[in-house]
Amino acid sequence: MLDLFESFCNCDCSVVKGFLLAAFAVGVFKITTLVLSLGTLLVQAYVLPAVSFAKYGGGKGAWAVITGASDGIGKEYALQLAERGFNIVLVSRTQAKLELVAAEIEGKYKRQTRVVAFDAAEDAPENYAVLAKALEGLPVTILVNNVGQSHAIPVPFLDTSEEEMMRIVTLNNIVTMKITRVVAPVIVANVGKATKLRGLILTMGSFAGLVPSPLLCVYSGSKAFLQNWSTSLAGELKPDGVDVELVISYLVTSAMSKIRRASFTIPNPHRFVASTLRNVGRRVGAQERYATVTPYPAHALMHWGIENSAGVYSKIVNKINFVMHTTIRARALKKAARAAAADTAKKQS
Ligand SMILES: NC(=O)c1ccc[n+]([C@@H]2O[C@H](COP(=O)([O-])OP(=O)(O)OC[C@H]3O[C@@H](n4cnc5c(N)ncnc54)[C@H](OP(=O)(O)O)[C@@H]3O)[C@@H](O)[C@H]2O)c1
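Note that the structure is a prediction, hence the values are computed from the model and not measured.

J.: Lay out the UniProt feature "binding site: substrate" (unreviewed entry) in the chain in plain terms, naming residues and giving numbers.
T.: In the numbering adopted here, UniProt assigns the feature "binding site: substrate" (unreviewed entry) to Ser206. With respect to the helices, strands and loops of the structure, Ser206 is situated in the loop between β5 (199-204) and α7 (207-210). For Ser206, a relative accessible area of 10% gives the class buried. Beyond its immediate chain neighbours, meaning those up to four positions away, Ser206 contacts Tyr219, Lys223, Val247, Ile248 and Ser249.

Structure follows, in structure tokens:
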């Protein structure tokens, strides 16, 4: 092999020399691009100061609307945006849980709140009317499309119930779009030259949308939909002064992930949202994607690593995901069987 390379180099043929030079230049270009994108990721994740929310109206009476705000990641968005000076409209399913978060915001951060409770899985027109009414007269500048659901456990597509399919797509896609149709015009009306403020629409994506995920087909597809929808909207609303971004996340401890213990790669919602708000407008792990951020440092390195090695659509990544979700499914089914046996024993005793 080395001999062959040497004979190529020593050869007088200008075509071969030209080919070698071009290959060398492409190699240098590729390596330089990789080093630059990894360097940018590291600087954004660890060095740059947190983004200021003054441009979105933080501390100036502006309001933020957050869906799925009663728990997990959404509750953290509500608390941390209140901390940055926003009044908060909390939208979710359970009134009592929303009122607790509202009381915490009013007590701790002295911000105003409004609460809107409805079951978003129903996609009922009156829900959007109630939301529109709650926003009347409010200078809203931020929307966080956080509400979303996944499969109860990993499940083959052919065994997925119609109810689960419809619930995931309704909640993650239909309702997210319809809520945006209600809130975005209010944001557009409140930002721009007249107020000297910018608007912001964040939508929660997922690694399941980044990487096709066997046994989570519907969830994976619904989150992939959000990537193109959100990034297209980013182009449309830029001239109106609204920043639109998809937020990509790997696992976070929450009721949905069913993971309780945080680790280096799995932050709790507080740390995840702190990273997100710190990095709004930057790409961090999503270096090659416009209007997209993978904000949490460990997730960013994972995203960058997959994208720049096998690739998100590769056979090997698909296979790894398939094996991982098959194992999780087997464990979940065993756990459910144990719980059912314990329940039967309890009823018999
Ligand atoms: N956790 C992760 O590992 C992870 C990873 C990647 C992406 N994400 C995305 O992050 C977002 C938040 O996830 P999370 O883990 O924070 O979830 P979570 O802890 O389960 O909280 C979900 C929130 O959505 C609300 N909600 C659920 N179903 C609803 C419905 N039918 N109608 C109205 N509200 C409803 C819940 O309200 P109630 O309080 O009434 O239940 C709760 O406030 C989702 O879009 C998810 O896909 C999460």
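J.: I'd like a description of the sheet that holds strand β1 (residues 63-67), backed by residues and values.
T.: Taken in spatial order, the seven strands make up an open sheet running β3-β2-β1-β4-β5-β6-β7, and their pairing is parallel. The outermost strands of the open sheet, each flanked by one partner alone, are β3 (113-117) and β7 (292-293). With four bridges connecting them, strand β4 (residues 140-145) and β5 associate as parallel partners. The residue of β5 that forms the bridge with Leu143 is Ile201. Seen against the sheet, helix α5 (residues 125-135) touches β1, β2 (87-92), β3 and β4 and runs at an angle of roughly 175° to β3. Contacting β1, β4, β5 and β6 (242-247), helix α6 (residues 162-190) crosses the sheet at an angle of about 160° to β4.

J.: Explain the pattern of salt bridges to me, using residue names and the numbers behind them.
T.: According to the stated counting rule, one finds 10 salt bridges in the structure shown. Here Asp71 and Lys97 are joined by a salt bridge, their closest N and O atoms 3.0 Å apart. Placement of Asp71 in the loop between β1 and α3 (72-83) and of Lys97 in helix α4 (residues 95-109) is noted, with a sequence separation of 26 residues between them. Using a relative accessible area of 37% as the deciding quantity, one classes Asp71 as partly exposed.

Criteria and cut-off values
- Residues numbered from 1 in each chain as written.
- Predicted model: local features only at pLDDT ≥ 70, side-chain atom pairs only at ≥ 80, totals over all residues.
- Heavy atoms only, no water.
- UniProt positions renumbered as here; feature names shortened; annotations may be inferred.
- Helix = DSSP H or I, 4+ residues; strand = E, 2+ residues; numbered from the N terminus.
- Buried < 20%, exposed > 50% of the residue type's maximum accessible area, 1.4 Å probe, protein only.
- Contact = heavy atoms within 4.5 Å.
- Pairing = 2+ DSSP bridges.
- Axes fitted to C-alpha atoms, helices over the stretch in contact; angles between N-to-C directions.
- Salt bridge = Lys/Arg side-chain N within 4 Å of Asp/Glu carboxyl O.

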